[in-house]
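Residue-level structure breakdown
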Amino acid sequence: IMSDVINDLILDLQKQLQITSIVVTHDMKSAYKVGSRIAMLHEGRVLQVAHPDIIRISDNPYVRQFVDGLSQGPIKMKLKEFDAEESVGSRQEKA
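Residues numbered from 1 in each chain as written. Predicted model: local features only at pLDDT ≥ 70, side-chain atom pairs only at ≥ 80, totals over all residues. Heavy atoms only, no water.

Let us look at the overall build of the protein chain. Helix and strand content of the protein chain: five helices and two strands. The proportion of buried residues among the 95 residues of the protein chain is 29%. Relative to all contacts within the protein chain whose residues are 6 or more apart in sequence, the contacts with residues 24 or more apart total 44%. For the protein chain, the accessible area works out to roughly 6,900 Å², and carbon and sulfur atoms hold 54% of it. (Helix = DSSP H or I, 4+ residues; strand = E, 2+ residues; numbered from the N terminus. Buried < 20%, exposed > 50% of the residue type's maximum accessible area, 1.4 Å probe, protein only. Contact = heavy atoms within 4.5 Å. Areas by Shrake-Rupley, 256 points an atom, 1.4 Å probe, with all protein chains shown as cover.)

A few words on the confidence of the model for the protein chain. For the protein chain, the mean per-residue pLDDT works out to 80, and 73% of the residues sit at or above 70. Scored below 50 in pLDDT, residues 84–95 shows 26 contacts in the model against residues more than four places distant or in partner chains. (pLDDT = per-residue confidence, 0-100.)

Position of Gln-14 relative to the elements: it lies in helix H1 (residues 2–17). We classify Gln-14 as buried; its relative accessible area is 18%. Here the side chain of Gln-14 touches Ser-21 through a polar contact of 2.5 Å, side chain to side chain. Leave out the neighbours within four places in its chain, and Gln-14 touches Ile-19, Ser-21 and Val-34. (Polar contact = N/O pair within 3.5 Å; in protein donor to acceptor, adjacent residues only side chain to side chain.)

All right, on to a nonpolar patch on the surface then. Among the surface-exposed residues, Ile-1, Met-2, Val-5 and Ile-6 lie close enough to one another that they form a single nonpolar patch of about 470 Å² accessible area. Owing to a relative accessible area of 43%, Ile-6 belongs among the partly exposed residues under this scheme. (Patch = residues over 30% accessible without salt bridge, like charges linked within 9 Å, V, L, I, M, F, W, Y side chains within 5 Å. Salt bridge = Lys/Arg side-chain N within 4 Å of Asp/Glu carboxyl O.)

Taken together, the buried positions of helix H4 (residues 61–68) are Tyr-62, Val-63 and Val-67. Burial along H4 is one-sided: seen end-on, the buried residues are contained in an arc of 125°. Buried residues along H4 sit in contact with helix H2 (28–34), strand E1 (38–42), strand E2 (45–50) and helix H3 (52–56). The distance from a side-chain oxygen at the start of H4 to the backbone nitrogen of Tyr-62 is 2.8 Å, and the residue carrying that oxygen is Asn-60. Of the residues one or two after H4, Gly-69 is the one with positive phi, at around 65°. (Arc of directions from axis to C-beta.)

So, about the pattern of salt bridges. Across all of its chains, the model carries four salt bridges by this definition. Between Lys-29 and Asp-4 there is a salt bridge whose closest N-O contact spans 3.9 Å. Within this pair, whereas Lys-29 is found in helix H2, its partner Asp-4 is found in helix H1, the two being separated by 25 residues in sequence. We classify Asp-4 as partly exposed; its relative accessible area is 29%. A salt bridge links Asp-68 to Arg-64, with the shortest nitrogen-to-oxygen separation between them at 2.4 Å.

Bridge count between E1 and E2: five bridges; the pairing is antiparallel. In the sheet register, Met-40 faces E2, and the bridge partner there is Gln-48. Here E1 hands over to E2 after two residues, with Glu-43 in that stretch at a positive phi of 50°. (Pairing = 2+ DSSP bridges.)

As structure tokens, then:
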């Protein structure tokens, strides 16, 4: 319940103050609610930046694993197994 209150507060402040905000979270439900764009990071590197609808269908294996919640414990994928730079903007966003 508390995350819903915080998310609503963030959205209200953004609208009232006409500001952009950066929210850091591991809660994808919150990210989808407050984000118009989501940046997925792993080991300090940006893997993908996209609209929430694009993040949901990402072809990046790390992003997929995180979004789908398939990992039990820490995600053990090494970045060298996937070139992160290829993922950034790899899918065309819907205009």
